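Each chain, letter by letter, is given below.
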Amino acid sequence: MEAASKSNTCSKHSNSPLDLDVNRVAGMDLGVDNLATCATPDHGYLVGRRRLKSINQYYNKRLAYLKSRLDKDGDALKTSRRIQTLSDKRSWRIHDYMLKAARTIINLCIRENTATLIVGSNMG
């Protein structure tokens, strides 16, 4: 018997280059109050940091609890499997959020037909 062949096709994405206007420019500023502020000639967009704050707040709360449990046991351990798992999950969640934020900004530029994205801050 022959093994069934698998086909990895994706109809959502095409390999053809996008026809974007190279004269349209979008600016993006990384900030403290918002993760990113993106402005195109027609619209502005904010990428909030509330989700990141929520992830970190939960991480800090749970880490404090787990470390207090380590201290009560009298062990000289600084970490445990639960703390390592908690740290890994936090890293995965932050990584996932950053990828989604980047994809959102890229989709905004494509929707606005903008080919150039400038990231930075004004030196004043």
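The rules behind the values
Residues numbered from 1 in each chain as written. Predicted model: local features only at pLDDT ≥ 70, side-chain atom pairs only at ≥ 80, totals over all residues. Heavy atoms only, no water. Phe/Tyr/Trp six-rings, centres within 6.5 Å; stacked < 30°, edge-to-face > 60°. Lys NZ or Arg CZ within 6 Å of the ring centre and 35° of its normal. pLDDT = per-residue confidence, 0-100. Helix = DSSP H or I, 4+ residues; strand = E, 2+ residues; numbered from the N terminus. Pairing = 2+ DSSP bridges. Axes fitted to C-alpha atoms, helices over the stretch in contact; angles between N-to-C directions. Core = buried A, V, L, I, M, F, W, Y, C linked by side-chain atoms within 4.5 Å. Buried < 20%, exposed > 50% of the residue type's maximum accessible area, 1.4 Å probe, protein only. Contact = heavy atoms within 4.5 Å.

## Overview of the packing of aromatic side chains
Link 1 in the chain: For the structure shown, the criterion picks out zero aromatic pairs.
Link 2 in the chain: Between the NZ or CZ atom of R90 and the centre of the ring of Y59, over which it lies, the distance is 4.6 Å.

## Some words on the confidence of the model for the protein chain
Link 1 in the chain: Put simply, the protein chain has an average pLDDT of 83, and 81% of its residues get 70 or more.
Link 2 in the chain: Mean pLDDT in the protein chain bottoms out at strand β1 (residues 21–30), which sits at 87, and peaks at helix α2 (residues 81–111), which reaches 93.

## With respect to the sheet that holds strand β3 (residues 44–47)
Link 1 in the chain: Strands sit in the order β3-β2-β1-β4 across an open sheet of four strands; the sheet is mixed. One side of each edge strand has no neighbouring strand; the edge strands of this open sheet are β3 and β4 (114–119). Sheet twist, expressed as the average angle between the axes of neighbouring strands with direction ignored, equals 20°.
Link 2 in the chain: Inspection of the sheet shows β1 paired to β4 by five bridges, in the parallel sense. Bridged to V25 within β4 is T116.

## Some words on the nonpolar core
Link 1 in the chain: Judged by nonpolar contacts, M28, L35, A36, C38, V47, L52, Y97, A101, I105 and L108 together constitute the single largest core of 10 residues.
Link 2 in the chain: Counting residues per element, the ones that place at least two in this core are β2 (36–39) and α2.
Link 3 in the chain: Per-element tally for this core: the top contributor is α2, with four residues.
Link 4 in the chain: Other than its neighbours up to four places away in sequence, C38 contacts G27, M28, H43, G44, Y45, I105, L108 and L117.
Link 5 in the chain: In terms of nonpolar packing, the next biggest core, distinct from the first, is built from six residues, Y59, L63, L70 and I83 among them.

## Examining the pairing of β1
Link 1 in the chain: Pairing analysis gives four bridges linking β1 to β2, with the strands arranged antiparallel. Each residue of the ladder has a partner; that of L30, found in β2, is A36.
Link 2 in the chain: Hairpin connection of β1 to β2: five residues between the antiparallel strands.

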